[in-house]
Amino acid sequence: MTEYSSHLAAEIATQPDDWEAVQGRLDEARGVLPQPGETVAVVGCGTSAFMAQAYAALREASGAGRTDAHVASEFPHTREYDRVVAISRSGTTTEVIDLLTALKERDQRTTALVATAGTPIPQIADQSFLLPEVDEQSVVQTRFATTTLALLRASLGEDLTEVVSQARAVLTEDEKSVLEGVVDAEQVTFVGRGWSIGIAQEASLKLRESAQFWTESYPAMDYRHGPISIAAPGRAVWSFGPAPEGLAADVAATGAWFEDRAIDPMADLVRVHRLCLAKSAQAGLDPDQPRHLARSIILS
């Protein structure tokens, strides 16, 4: 992996080990995570909401039970769930605190997945699971989010051995090779299907945060319903997971680069993390300190 000096670079590099290690905590986590057959809502803000979206799609597809994902501020209070799972790295996110407080008044069962102990969110939730080993110093989230998703995927019975191996390969691959076609692009659009739609949205957010870079994200099947109009030479479209039939050819016809590597979307997200480091360096930016952002969004 190319040497970059930042908290973000150091935190990106630990991810495969983090994913492998968190599976060893699965027995500890089972008591607070959703049980088969429960109807579940998963909530968060920003990155955490995108991880919630990915997990919700995976859980429902696995047959474990109806699972919805919501941005915390837009939670539909008219719906009933067996459990609401809240994801928050800091444990201090205002919208999540407000939601959990309201749900507590309704005796709604809640679980919090948080990195930082002694914070309000795990204290308000009925149950909590802490992941301090993947807390971060960078404002830009990477390893907490992906390790939380790794834990949730493992809880669904997924074997992440190959995913870990693929992510390690991504980290050791030469930068020119791992980012070919995208490192010099002036614009990147990310697309996905099913659970990888959440990954595509997270990828787009990461580049905007770390490098102030123009990105967009869409469901892959919806991309040709308008967004393809901005595809052009010097720009790129990056697909997480198998692309819909004909999409690669349609993008190629615009002159844009089409990126579609046959690896797990979570491992492929690590390639985007490497792109964040490269793009922020190109722009002369500190990727640990995105403009207008703080480690936790606390509203007055």
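Residues numbered from 1 in each chain as written. Predicted model: local features only at pLDDT ≥ 70, side-chain atom pairs only at ≥ 80, totals over all residues. Heavy atoms only, no water.

1. Regarding the overall build of the chain
- Assigned secondary structure in the chain consists of 12 helices and 9 strands.
- Taken over the C-alpha atoms alone, the chain extends approximately 55 × 40 × 40 Å along its principal axes.
- Considering the chain as a whole, with its 300 residues, one finds that 57% of them fall into the buried category.
- Counting contacts in the chain only where the partners sit at least 6 residues apart, residues at least 24 apart contribute 75% of the total.
- Roughly 12200 Å² of accessible area belongs to the chain as shown, and the carbon and sulfur atoms make up 50% of that amount.
- For the chain, the distance from the average site of its 25 positive side-chain charges to the average site of its 42 negative ones is 2 Å. (Helix = DSSP H or I, 4+ residues; strand = E, 2+ residues; numbered from the N terminus. Buried < 20%, exposed > 50% of the residue type's maximum accessible area, 1.4 Å probe, protein only. Contact = heavy atoms within 4.5 Å. Areas by Shrake-Rupley, 256 points an atom, 1.4 Å probe, with all protein chains shown as cover. Lys, Arg positive; Asp, Glu negative; His and termini not counted. Charge placed at Lys NZ, Arg CZ, Asp CG, Glu CD.)

2. With respect to the layout of surface pockets
- Computed from the structure, the second largest pocket encloses a volume of approximately 180 Å³.
- As for the second largest pocket, its lining consists of Arg-30, Leu-33, Pro-34, Gln-35, Pro-36, Tyr-55, Arg-59, Ser-62, Ala-64, Ser-155 and Leu-156.
- Across the lining of the second largest pocket, the residue classes break down as 6 nonpolar, 3 polar and 2 charged. (1 Å grid on protein atoms, 1.4 Å probe; cavity = no way out; pocket = protein on both sides within 12 Å on 5 of 7 lines; lining within 4 Å. Points joined across faces, edges and corners; volume = space filled by probe spheres on them. Nonpolar A, V, L, I, M, F, W, Y, C, P; charged D, E, K, R; others polar.)

3. Some points on the pairing of strand β4 (residues 110-114)
- Counting buried positions along β4 gives 5 out of 5 residues, so the element sits mostly inside the fold.
- Here β4 shows a buried face lined by Thr-110, Ala-112 and Val-114 and a second buried face lined by Thr-111 and Leu-113.
- Bridging between strand β3 (residues 83-88) and β4 involves 5 bridges; their strand directions are parallel. Bridge pairing links Val-85 to Thr-111 in β4.
- On the question of chirality, the crossover connecting β3 to the parallel β4 by way of helix α5 (residues 94-105) is right-handed. (Pairing = 2+ DSSP bridges. Right-handed = clockwise from strand over helix to strand, strands pointing away.)

So, to be careful, I would describe these as geometric facts and stop short of saying anything about function.
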